[in-house]
Amino acid sequence: AQTVYRALRADLRAHELSALPEGLRGELLFSLTPAMARPPRGTNDPADLPVSEAGWAASAKKLGRAYARGTVSPTEITTHCLRVARELAGRSPCMGPIHVYDDEHALRDAALSTERHRRGAALGPLDGVPVAIKEQVAVAHLPRRDGTDFLADTPMEGDATAVARLRAAGAIVLGLMPMTELGMSPLGQNRHRSMPRNPHALGHLVGGSSTGSGV
């Protein structure tokens, strides 16, 4: 370990930092509070945003209330989310939050959730709530490729713990969201994916590595 440490320090030329004059050295940080990257601009009014006509997604709490009242069902919401995600992906520039869809299992689980809500036997506040998973995380039946094209396109045999717990709580997994290659960029670019733009500012990238999640 010490050999690797010394080699990395040498490659980074870290030892040269000690030769810098005191005048070039800043104060040590004693707070982990993040600095503001840029001053706030505009308002938070949805009417100011390019996709305002699509409306805002209801919260899990609001969806649960609607399911309990029977005004909408998990099947209807899941079908709607899959359709809108594909619609966003088909726009130019792309704004699609999902790049691998799992309609079969999502609609199956949505039907089961719809029946539970009909019987008044919901599993909890996440029952029937649609979610999508970053492609870095294992999702059964779908490949985990971490934003690459060299990792095997082989479906995973099981879910990661977080995904399994979401399913156990009744959440509906729609599919996988694109990310930067191996999570190695904060910009939101990846030549192996059709990466989405920021749907609220089409001239901007979303950022990374969780680009689809950002959308």
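Residues numbered from 1 in each chain as written. Predicted model: local features only at pLDDT ≥ 70, side-chain atom pairs only at ≥ 80, totals over all residues. Heavy atoms only, no water.

## Remarks on the overall build of the protein
So, point 1. Looking only at helices and strands, one finds six helices and three strands in the protein.
So, point 2. Along the protein, helices and strands appear, N-terminal first, in the series α-α-α-β-α-β-α-β-α.
So, point 3. Among the 215 residues that make up the protein, the fraction classed as buried is 32%.
So, point 4. Of the contacts made within the protein by residues no fewer than 6 positions apart, 61% connect residues no fewer than 24 positions apart.
So, point 5. Accessible area for the protein stands at about 13,900 Å²; split by element, carbon and sulfur atoms hold 57% of it. (Helix = DSSP H or I, 4+ residues; strand = E, 2+ residues; numbered from the N terminus. Buried < 20%, exposed > 50% of the residue type's maximum accessible area, 1.4 Å probe, protein only. Contact = heavy atoms within 4.5 Å. Areas by Shrake-Rupley, 256 points an atom, 1.4 Å probe, with all protein chains shown as cover.)

## Some words on the sheet that holds strand S1 (residues 100-101)
So, point 1. Strands sit in the order S1-S3-S2 across an open sheet of three strands; the sheet is mixed. The open sheet terminates on both sides in strands that have one partner only, identified here as S1 and strand S2 (130-134).
So, point 2. Here helix H4 (residues 103-118) sits on the sheet in contact with S1 and strand S3 (172-177), set at roughly 155° to S3. (Pairing = 2+ DSSP bridges. Axes fitted to C-alpha atoms, helices over the stretch in contact; angles between N-to-C directions.)

## Some remarks on the pairing of S2
So, point 1. Looking at chain direction, S2 and S3 are connected through four bridges and run parallel. Note that in S3 the partner of Lys-134 across the bridge is Met-177.
So, point 2. In this fold, S2 hands off to helix H5 (residues 161-168), which returns the chain to S3; that crossover is right-handed. (Right-handed = clockwise from strand over helix to strand, strands pointing away.)

## Quick notes on the packing of aromatic side chains
So, point 1. One pass over the structure, following the stated rule, counts zero aromatic pairs.
So, point 2. Here the basic side chain of Arg-86 rests over the ring of Tyr-101, its NZ or CZ set 3.9 Å away from the ring centre. (Phe/Tyr/Trp six-rings, centres within 6.5 Å; stacked < 30°, edge-to-face > 60°. Lys NZ or Arg CZ within 6 Å of the ring centre and 35° of its normal.)

## Things to note about the pattern of salt bridges
So, point 1. Inspection of every chain in the model, using the stated rule, returns 11 salt bridges.
So, point 2. The partner of Arg-167 in a salt bridge is Asp-109, with the nearest N and O atoms 3.6 Å apart. Pair noted here: Arg-167 is in helix H5 and Asp-109 is in helix H4, with a separation of 58 residues, a long-range link.
So, point 3. The residue Glu-115 makes a salt bridge to Arg-118 at a minimum N-O spacing of 2.6 Å. Of the two residues, Glu-115 and Arg-118 are both situated in helix H4; the distance of three residues between them amounts to about one turn of the helix.
So, point 4. According to the relative accessible area criterion, Arg-118 is exposed, its value standing at 60%.
So, point 5. Overlapping salt bridges bring together Arg-108, Asp-109, Asp-159 and Arg-167 as one network. (Salt bridge = Lys/Arg side-chain N within 4 Å of Asp/Glu carboxyl O.)

## Brief notes about the pairing of S3
So, point 1. Most of S3 is tucked away, with six of its six residues classed as buried.
So, point 2. Relative to S3, S1 runs antiparallel, the two sharing two bridges. Bridge pairing links Tyr-101 to Gly-175 in S3.

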